[in-house]
Amino acid sequence: MRLLPCLIALLLGLAAGPALAQAAAPSQAEQVAGKPRPRIALVLSGGGARGLAHIGVLRVLQELRVPVDMVVGTSMGALVGGAFASGRRVDELEAFVNSADWTAILADRPPRQELSYRRREDDQLVPSRIEVGLGLGEVSLPPAAAGNSGLEFALERLIASQYADLSTGQLPLPFRAIATDLLTGELADLADTPLFLAMRASMAIPGFFSPVRVKGRLMVDGGLVRNMGVETARAMGADLIIAVDVGTPLAEEKELGSALGVSRQMLAILTTQNVARSIRTLKPEDVLIDPDLGNLSFLDFGRRDEAVATGQRAARAAQERLRPLALSAEEYALHEQRRQRPPVLAPQALPLASLEIEGAKLTNPEVLKKEIDLALGQPASQAQINAATSQLYGRGDFDRLDTQVLDRDGERHVTIHVSEAEWARSRLRLGLELSSNFADDNSFKVVGLHRLSWLNAWGGELRTQASLGSQRKLASALYQPLGAGSPWYVEPGLAVNGEVLDSYVAGKRVARYNTNYGVANLTLGRRLGQWGDVQLGYSRFSGEAVVQIPEQSDKSPVQQSGRQGFLRLRADTLDSLAFPTRGYLLDLTASHTQIFNTGESSTDVSFAGLAAYRADSWAGHVWGELSHASFGAATSLGGFLRLSGSPKSSLSDQNVGLLRLVSAKRIGTMPVGLGETVRGGFSLELGGAVPNGQRLQPSDLKLAGSLFIAVDTRLGPFFLAAGATRGVDSAVYLFLGPSW
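Remember, predicted model here, so these are calculated numbers, not experimental data. (Residues numbered from 1 in each chain as written. Predicted model: local features only at pLDDT ≥ 70, side-chain atom pairs only at ≥ 80, totals over all residues. Heavy atoms only, no water.)

Considerations on the overall build of the chain
If you tally the helices and strands in the chain, you get 17 helices and 34 strands. Looking at the 740 residues of the chain, the share that counts as buried comes to 47%. A sequence separation of at least 24 residues applies to 64% of the contacts in the chain between residues at least 6 apart. As displayed, the chain has an accessible area near 34100 Å², and 58% of this comes from carbon and sulfur atoms. (Helix = DSSP H or I, 4+ residues; strand = E, 2+ residues; numbered from the N terminus. Buried < 20%, exposed > 50% of the residue type's maximum accessible area, 1.4 Å probe, protein only. Contact = heavy atoms within 4.5 Å. Areas by Shrake-Rupley, 256 points an atom, 1.4 Å probe, with all protein chains shown as cover.)

What follows is the structure in structure tokens.
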């Protein structure tokens, strides 16, 4: 009776080629003293940041040459376990953990590079992340849950693209991700589910990430019903289980003084109780590893090195029970070679037969379909579908997106159910900007940005910006696409501005003006994907200036009015405006201005570009800027990061250039709610200005630099810095606001 299965296995191996034959053939490692060795399952529990200890356990298992034949994971255990089952090496997992931006993964919006260009433009106008929704007589807050896109972007980096669409049963190691059916409360082990979807569903922590629809069922984090899937491992055929419990312990009474503390305790009770039930099913030969993570909390991703090291210590403490399971060096190398083999069956991208968007109320499904990169009749992979979902989420209109993929008769049918964020249609962003050199340059302003979206079926949007303080501003513009999903748009706008400006001669302040002016403009533009746009515009302006210093006997204002035409190209692919590590920022503008009351005119050309970089633990940017005006001043230099140490706007002329290098290193993390990463860094700056008809020469350039401590706060980047310009001056700065 045993002959027939052997013949079938041999024929399948010959048909599938060497890779499959190698995977199917019994290994010498499967024989121990003439007996088949036990099939070993690695069961990894959930626990948020505590789950990073799993990587330390994997490191020790590899050092001891203990083979793993199958993996079961819940939540963070599914993230680590799924990656390991798909062939990732332990050093690759460690590199991912160290390079991942956990703040962005848990952020309440997608990674910046997945935002639409207009939402990136919002960041340039007001860098704050404090937003509320405005309704008729009410103010609403955004949901506390983290955005889905940050997690999905991280999973795409972690999972090799050839595995994302593969079923969990087709991986080098059989894998199960534990999830909870949100409607029935039942356990789901997500067998025969694409790896990406299985890991994402198991990580759908209530209160942080939205549920995931798998085969028509809404799934959330599996820790609610089975935080340690021992029973699932038994059902998969495991003879011996290595279980790792990193679950969050119950809090003490003093920590239960808030509704949030009570809610967390309720979840901890659920997970602790079901883990206790799973532990009772372990057999004497099974191995339980229980890392002592102390007060390391669910969200302590800043202590990742500590978590990994604790996992290593816990596994080494169990090494006397693990050593009997070890293989010889040759046998273990063969086992690892099979685990890391490429997939025999490549994930299949099927022709897209239908694309439906359901649940839209204010938004227009036809507009949404045209804005995502899915075309009927063209092959669509799971990765492309995930990217399309991220594009929709990056618009800022939705608080949840559920995607259902149905493959039938060799074709793919995709349905995206959108849940519109009620607070997002009328959204107000509030910010604060401060600047001081602790001497004579101090400015302060409160800023706001209001957005009213979907004014019509084509997606019209009214954006209004206001500021009070050192600069007074009220500007409003109507963005109107020229068709459903059209990349072309028109944007009429009105603005009134007022600010105090200083005039310098040879670096010395000689006058101060109080200015007020208004602008009306009309722009025709075209979006360039999600990364930029090109604009052709015309504006009329009128204003006045009153001399404040020195005192004048005649205080009548100087009137000025004129018109301007411009052509502009903009691009923005930065992952962060304040502290970028990749991407670029570009603004190239050509304009012609005519002053009515004097008859003077000026043709101006300006270029400003930023390229971000990362080098080991350092990251920063290189900034380049060139400006030319045939009449008047092109722009000005002076102030923090614009020749630090020099007085603000003290250097100007018709040809201006600036080159800047900024580099910073992470040195700490602020407490949750107060800020994010703390960085220490420096800048090197080189800039100068010369009159028209002259070129910038090395002798015209001034060398400057700064040392700073910086924090990325919810109000924007905050700097405490000391800067100096050679041969000019030095200054100490406190700076909160846009530094680009």
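Concerning the nonpolar core
The biggest cluster of nonpolar side chains holds 73 residues, and the ones touching the most others in it are Trp-102, Phe-175, Leu-190, Ile-242, Ile-289 and Leu-322. Leu-352, Ile-385, Tyr-393 and Leu-401 belong to the second largest nonpolar core, which has 18 residues in total. (Core = buried A, V, L, I, M, F, W, Y, C linked by side-chain atoms within 4.5 Å.)

Quick notes on the packing of aromatic side chains
What the rule picks out here adds up to eight aromatic pairs. Here the aromatic rings of Phe-579 and Phe-719 are separated by 5.8 Å at their centres, their planes lie at 45°, and the arrangement is tilted. Taken together, the positions of Phe-579 in the loop between β24 (558–572) and β25 (584–595) and Phe-719 in strand β33 (residues 716–725) put the pair 140 residues apart, joining distant regions of the chain. For Phe-579, a relative accessible area of 10% corresponds to the buried category. Ring geometry for Phe-640 versus Phe-735: centroids 5.5 Å apart, planes at 50°, classification tilted. Taken together, the residues span a long stretch of sequence, with Phe-640 in the loop between β28 (635–637) and β29 (651–653) and Phe-735 in strand β34 (residues 729–736) at a distance of 95 residues. This pair shows no difference in class: Phe-640 is buried, exactly as Phe-735 is. Three or more aromatic residues joined by ring pairs form one cluster here, namely Phe-579, Phe-640, Phe-708, Phe-719, Tyr-733 and Phe-735. (Phe/Tyr/Trp six-rings, centres within 6.5 Å; stacked < 30°, edge-to-face > 60°.)

Thoughts on the side chain of Ser-467
When you line up the elements, Ser-467 lands in strand β19 (residues 461–469). What makes Ser-467 buried here is its relative accessible area of 5%. From its side chain, Ser-467 meets the backbone oxygen of Gln-471 in a polar contact 3.1 Å long. Discounting residues that sit within four places of it in the chain, Ser-467 has contacts with Lys-445, Val-446, Val-447, Arg-472 and Lys-473. (Polar contact = N/O pair within 3.5 Å; in protein donor to acceptor, adjacent residues only side chain to side chain.)

Focus on the pairing of strand β3 (residues 40–44)
With five of five residues buried, β3 lies mostly within the body of the structure. Judged by which residues are buried, β3 turns out to be covered on both faces: Ile-40, Leu-42 and Leu-44 on one side and Ala-41 and Val-43 on the other are all buried. Sheet topology note: the β3/strand β11 (residues 240–244) ladder contains five bridges and is parallel. Residue pairing in the sheet places Val-43 in a bridge with Ala-243 of β11. As paired strands, β3 and strand β4 (residues 70–74) are joined by four bridges and run parallel to one another. Within the sheet, the bridge partner assigned to Ala-41 lies in β4 and is Met-70. (Pairing = 2+ DSSP bridges.)

Some words on the sheet that holds strand β16 (residues 411–420)
Spatial strand order, β14-β13-β16-β15: four strands in an open sheet with mixed pairing. Looking at strand neighbours, the two that pair on one side only are β14 (379–380) and β15 (398–408), the edges of this open sheet. As judged from the 10 bridges shared by β15 and β16, these two strands associate in the antiparallel manner. Paired with Leu-401 across the bridge in β16 is Val-418. With respect to the sheet, helix α17 (residues 382–393) is in contact with β13 (350–358), β14, β15 and β16, its orientation differing from that of β15 by roughly 155°. (Axes fitted to C-alpha atoms, helices over the stretch in contact; angles between N-to-C directions.)

Side note on unusual backbone geometry
Ile-549 connects to Pro-550 through a cis peptide bond whose omega is 0°. Following the sequence through the fold, Pro-550 ends up in the loop between β23 (532–549) and β24. Positive phi values are uncommon outside glycine, yet Leu-643 reaches one of about 80°. Of note, Leu-643 is situated in the loop between β28 and β29. Take Leu-643: its relative accessible area is 1%, and that puts it in the buried class.

Describing helix α15 (residues 329–339)
Working note: α-helix, 3.6 residues per turn, so residues spaced by three or four point in the same direction. Among all positions in α15, only Tyr-332, His-335, Glu-336, Arg-338 and Arg-339 are buried. Viewed along the axis of α15, the buried residues span an arc of 160°, placing them on a single side of the element. (Arc of directions from axis to C-beta.)

Notes on the environment of Ser-650
Following the sequence through the fold, Ser-650 ends up in the loop between β28 and β29. Assessed through its relative accessible area of 11%, Ser-650 is described here as buried. For the pair Ser-650 and Arg-509, spaced 141 residues apart in sequence, the C-alpha separation works out to 7.4 Å. Excluding residues within four positions of it along the chain, Ser-650 makes contact with Tyr-504, Gly-507, Leu-637 and Gly-638.

Here's the deal with helix α4 (residues 76–85)
Burial analysis of α4 places 10 of its 10 residues in the buried class, which makes it a mostly covered element. Of the residues making up α4, those classed as buried are Met-76, Gly-77, Ala-78, Leu-79, Val-80, Gly-81, Gly-82, Ala-83, Phe-84 and Ala-85.

Digging into the pattern of salt bridges
For the structure shown, the criterion picks out 40 salt bridges. With its nearest N and O atoms 2.7 Å apart, the salt bridge here joins Asp-69 to Arg-37. Placement of the pair is Asp-69 in the loop between α3 (53–64) and β4 and Arg-37 in the loop between β2 (35–36) and β3, with a sequence separation of 32 residues. By relative accessible area, which is 11% here, Asp-69 ends up buried. Glu-306 is the salt-bridge partner of Arg-303, the closest N and O atoms lying 2.8 Å from each other. What makes Arg-303 partly exposed here is its relative accessible area of 25%. Using a relative accessible area of 35% as the deciding quantity, one classes Glu-306 as partly exposed. Taken together, the shared-partner salt bridges in this structure form one network comprising Arg-118, Arg-119, Glu-121, Asp-122, Arg-451, Glu-461, Arg-463, Glu-491, Asp-533 and Arg-570. (Salt bridge = Lys/Arg side-chain N within 4 Å of Asp/Glu carboxyl O.)

Concerning a nonpolar patch on the surface
Nonpolar side chains collect at one region of the surface, where Phe-438, Ile-667, Ile-709, Leu-720 and Val-732 lie side by side and expose about 470 Å² of accessible area between them. Within the secondary structure, Val-732 sits in strand β34. We classify Val-732 as partly exposed; its relative accessible area is 42%. (Patch = residues over 30% accessible without salt bridge, like charges linked within 9 Å, V, L, I, M, F, W, Y side chains within 5 Å.)

Section: the pairing of strand β17 (residues 426–436)
Across the 11 residues of β17, eight count as buried, placing the element largely inside the fold. The pairing of strand β5 (residues 130–135) with β17 spans four bridges and is classified as antiparallel. Of the residues in β17, the one forming a bridge with Glu-131 is Arg-429. As judged from the 11 bridges shared by β17 and strand β18 (residues 442–452), these two strands associate in the antiparallel manner.

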